[in-house]
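Here is how the chains run, residue by residue.
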Amino acid sequence: QVQLEDSGGGVVQAGGSLRLSCAASGRTSSIRDMGWFRQASGKEREFVAAISRLGASTSYADSVKGRFTISRDNAKNTAYLQMNSLKPEDTAVYYCATGRIIVPSTARALDAWGQGTLVTVSS
């Protein structure tokens, strides 16, 4: 079983940057893709970004392409989400996850979730 702890959220002004971290523990040898999802107040959880096991493939939601960068350090069992040029509409609770993520949404299978970290972007 894998446990995820995400962190790095906070309050930032529009145009600013934040870096989220997702630290995995437990049965880390079983981790496949790692990714980030977000859920804004009153909205459904949505996909943000994902990275494959060895980092060779990445995927981004259209709304964050060119602004967000996902990476991972397998030696540290940690994934990162660098968020630049933040907009008020990026305000949400961000959740990291592991599983099969870089596939069509109907084929996704998530193995574990973090507890979430709140990102607030003020205008």
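Look up a bit, the structure's there.
Just so we're clear, the structure is a prediction, and the values are computed from it rather than from any experiment.

**Comments concerning the overall build of the protein**
Then, number 1: The number of helices and strands found in the protein is 0 helices and 11 strands.
Then, number 2: Along its sequence from the N terminus, the protein presents helices and strands in the succession β-β-β-β-β-β-β-β-β-β-β.
Then, number 3: Here the C-alpha atoms of the protein give a radius of gyration of 13 Å, agreeing with the 14 Å that 2.2 N^0.38 yields for 123 residues.
Then, number 4: Restricting to contacts in the protein with at least 6 residues of sequence separation, those with at least 24 account for 56%.
Then, number 5: Counting 14 positive and 10 negative side-chain charges, the protein places the averaged centre of each group 4 Å from the other.

**Quick look at the state of the cysteines**
Then, number 1: Throughout the structure, instances matching the rule amount to 1 disulfide.
Then, number 2: The residue that forms a disulfide with C22 is C96, at a sulfur-sulfur distance of 2.3 Å. Across the S-S bond linking C22 and C96, the dihedral sits near 65°, which makes this disulfide right-handed. With C22 in strand β3 (residues 18-26) and C96 in strand β9 (residues 92-100), this residue pair connects regions lying 74 residues apart in the sequence. Here C22 and C96 have matching classes, each one buried.

**Regarding the packing of aromatic side chains**
Then, number 1: If you walk through the whole model with that rule in mind, you get 3 aromatic pairs.
Then, number 2: When the centroid spacing of 5.7 Å and the interplanar angle of 75° are considered together, the rings of F37 and F47 count as edge-to-face. Pair noted here: F37 is in strand β4 (residues 33-39) and F47 is in strand β5 (residues 46-51), with a separation of 10 residues, a long-range link.
Then, number 3: When its relative accessible area of 15% is taken as the criterion, F47 is described as buried.
Then, number 4: It is R45 that lies over the ring of Y95; its NZ or CZ is 3.8 Å from the centre.
Then, number 5: Across from the ring centre of W113, 4.5 Å away, lies the NZ or CZ of R45, which sits over that ring.

**So, unusual backbone geometry**
Then, number 1: The phi angle at N77 is positive, at roughly 50°, despite the residue not being glycine.
Then, number 2: Summarising the element assignment, N77 is placed in the loop between β7 (68-73) and β8 (78-83).
Then, number 3: Despite not being glycine, S85 has its phi angle at roughly 50°, a positive value.
Then, number 4: Looking at the element boundaries, S85 is found in the loop between β8 and β9.

What counts and how
- Residues numbered from 1 in each chain as written.
- Predicted model: local features only at pLDDT ≥ 70, side-chain atom pairs only at ≥ 80, totals over all residues.
- Heavy atoms only, no water.
- Helix = DSSP H or I, 4+ residues; strand = E, 2+ residues; numbered from the N terminus.
- Rg over C-alpha atoms; globule rule 2.2 N^0.38 Å.
- Contact = heavy atoms within 4.5 Å.
- Lys, Arg positive; Asp, Glu negative; His and termini not counted.
- Charge placed at Lys NZ, Arg CZ, Asp CG, Glu CD.
- Disulfide = S-S within 2.5 Å.
- Buried < 20%, exposed > 50% of the residue type's maximum accessible area, 1.4 Å probe, protein only.
- Phe/Tyr/Trp six-rings, centres within 6.5 Å; stacked < 30°, edge-to-face > 60°.
- Lys NZ or Arg CZ within 6 Å of the ring centre and 35° of its normal.

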